[in-house]
Amino acid sequence: MSEIETIKIFDTTLRDGEQSPGFTMNAEEKLIMAQQLAKMGVDTIEAGFAAASPGDFESVRDIGHTLKGPMVVSLCRTRIEDVDAAAEALKGSPNWGIHTFVAASPLHMKYKLQQDPEDVLRGAVKAVERSKSFTDNVEFSPEDATRSEPEFLVRMVSECIRAGATVINIPDTVGYTTPDEIYQLIDRLRNEVYQGDQVTFSVHCHNDLGLAVANSLAAVRAGARQIECTINGIGERAGNASLEELVMLFKVRKEMFGMETNIVSEELYHASRLLTQLTGIPVQPNKAIVGANAFAHEAGIHQDGVLKNPLTYEIMTPESVGIKSNNLVLGKHSGRHALAARIRELGYEVSGSELNRVFGEFKRLADLKKTVYDEDIEALVTQSDTTGQSRYRLLSMNVVSGTNTVPTATVEMEIDGQVMREAHFGDGPVDAALNTIKRLTQSKCTLTQYKVNAITGGTDAQGEVTVSIEENGKAVTGRGTDPDIILASAKAFVVALNRMEYRKKRIEGV
Ligand code: MN
């Protein structure tokens, strides 16, 4: 058998994924996610877009300086200030690079950039040269490549390689291409560009026509050796190629492709759950690899087969993606040690004062409900208060509701360090609570979605509330959990308001 080749996984969950509606994460949450990506073994992490805002700059810097292992890159436009911001954020990090991009399609150059193609090309070369003055790890992307003129792409990419780019990424920015077409494009570029055999070709596919994974695979077959993808396939519009699907594709069909990735597949499920917890946005139940039904067998004939031999209907095991069948539950007699052990088994690392906080909340929860399930623990661990960065904090709340009374909420909050109180009514207790918070924070947002979900079964289950709010066309989501759903609603709303404040402060990416 011929030698197995390695496909590099470039994760852009924290950049392309995070900039899509509802997926905003703060710096602390991004760092938690980045640590899981590193643990999982991704080769490169695109931590963000350093020039987008001071908050993004700091987040990129923190991730770059904290992680050991993966290369951490920042995206930047071809503006020199952008390149300098990326370098400034990352220099001194153990392993870092710069990813610069500019539109290459006639449509984008004419209408979006309003620049002459020759000027665009010169700008790209300057940005690559500037990047190269800071680091050897320079990736260049001609945006909207799949709708660009191939002759122009060959010239642009050749010039960027001459200027020092070591990775050439071909983005299907709008999810327009097909497997045959991208195969031909990558093949042609590899053969025609200057020293095409000296650089790594990469792809970045979007899923607008449901082909992101198929197109990425076709690009690999044409010689690409890096794939840009995201956890749960999140990203602009219909999302990016899904990391977990690609990883398992290369693992399950390794013999056929003769390729593998460096990803520890047993960490995939945890990464997916963590992202869901941090953003409050679940994956669809039928999502490949990580959806709730991905390994569920409903038809009797299938169940019968799986019991006799799992291979009858399973091409991979749930364990191979990290789904554990252990349903051990904890209760109020469980100690700190048992809790810490369970948290570790779930894939989280919590220690010191953070463990104290989680243990305190666990005790409070265990007093309220008999059994504490894995999902409850996950919620406690990931619902860390973003203290220090948050503008708004909920201190206390009382709500009166019932028959023959006007639902009224009294809320105490800390806003920019000042304690403030307010009481207001609503057409129900949740409405009263949110109205009061809105008055206190003087928010102009509109609530676009409100969802309650019981984390586990039973009336003592914790309520998990997800709210989406919108302001000036920007959308964010917040999640809150509590056995009291009114309190869970208030928590979720405050998380969303804090995220909105964070989002307002930055210019949006590409
Ligand atoms: Mn993209």
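Just so we're clear, the structure is a prediction, and the values are computed from it rather than from any experiment.

Our next topic: helix α14 (residues 336-345). Here α14 has its buried residues at Leu-339, Ala-340, Arg-342 and Ile-343. Along the axis of α14, the buried residues cluster in a sector spanning 165°; they form a single face. Opposite the packed face of α14, turned more than 90 degrees from it, sit the exposed residues His-337 and Arg-344. Buried residues belonging to α14 abut α15 (352-368) and α16 (374-382).

This part covers the pattern of salt bridges. Enumeration according to the criterion identifies 36 salt bridges in this entry. Salt-bridge contacts for Arg-439 lead to Glu-422; the nearest nitrogen and oxygen are separated by 3.7 Å. Of this pair, Arg-439 sits in helix α17 (residues 429-441) while Glu-422 sits in strand β13 (residues 418-425); the two residues are 17 residues apart in sequence, bridging distant segments of the chain. A residue is classified by how much of its surface remains accessible, and Arg-439, at 45% relative accessible area, is partly exposed. Using a relative accessible area of 25% as the deciding quantity, one classes Glu-422 as partly exposed. Overlapping salt bridges, with partners in common, bring together Arg-15, Asp-16 and Glu-46 in one network.

All right, on to the coordination of the manganese ion then. Distances from the manganese ion to its protein donors, Asp-16 (OD), His-204 (NE2) and His-206 (NE2), fall within 2.0 to 2.3 Å. Mapping the donors of the manganese ion onto the primary sequence yields the spacing D-x187-H-x1-H. His-206 carries the same exposure label as His-204, and that label is buried.

Moving on, we come to the sheet that holds strand β11 (residues 392-400). Here 3 strands make up an open sheet; going across it, the order is β11-β12-β13 and the pairing antiparallel. Two strands close off the open sheet at either side, each with one partner strand: β11 and β13. This sheet shows a mean twist of 15° between the axes of neighbouring strands, independent of strand direction. Packing of α17 onto the sheet brings it into contact with β11, β12 (408-415) and β13, and relative to β12 it is tilted by some 35°.

With that out of the way, let us pick up unusual backbone geometry. With phi around 50°, Gln-114 is a residue other than glycine that occupies positive phi space. Looking at the element boundaries, Gln-114 is found in the loop between α5 (106-113) and α6 (117-132). The class for Gln-114 is exposed, based on a relative accessible area of 65%. The phi angle at Asn-472 is positive, at roughly 50°, despite the residue not being glycine. Along the chain, Asn-472 falls in the loop between β15 (463-471) and β16 (474-482).

Parameters at a glance
- Residues numbered from 1 in each chain as written.
- Predicted model: local features only at pLDDT ≥ 70, side-chain atom pairs only at ≥ 80, totals over all residues.
- Heavy atoms only, no water.
- Buried < 20%, exposed > 50% of the residue type's maximum accessible area, 1.4 Å probe, protein only.
- Helix = DSSP H or I, 4+ residues; strand = E, 2+ residues; numbered from the N terminus.
- Arc of directions from axis to C-beta.
- Contact = heavy atoms within 4.5 Å.
- Salt bridge = Lys/Arg side-chain N within 4 Å of Asp/Glu carboxyl O.
- Donors = N, O, S within 2.8 Å, 3.2 Å for Na, K, Ca; no water.
- Pairing = 2+ DSSP bridges.
- Axes fitted to C-alpha atoms, helices over the stretch in contact; angles between N-to-C directions.

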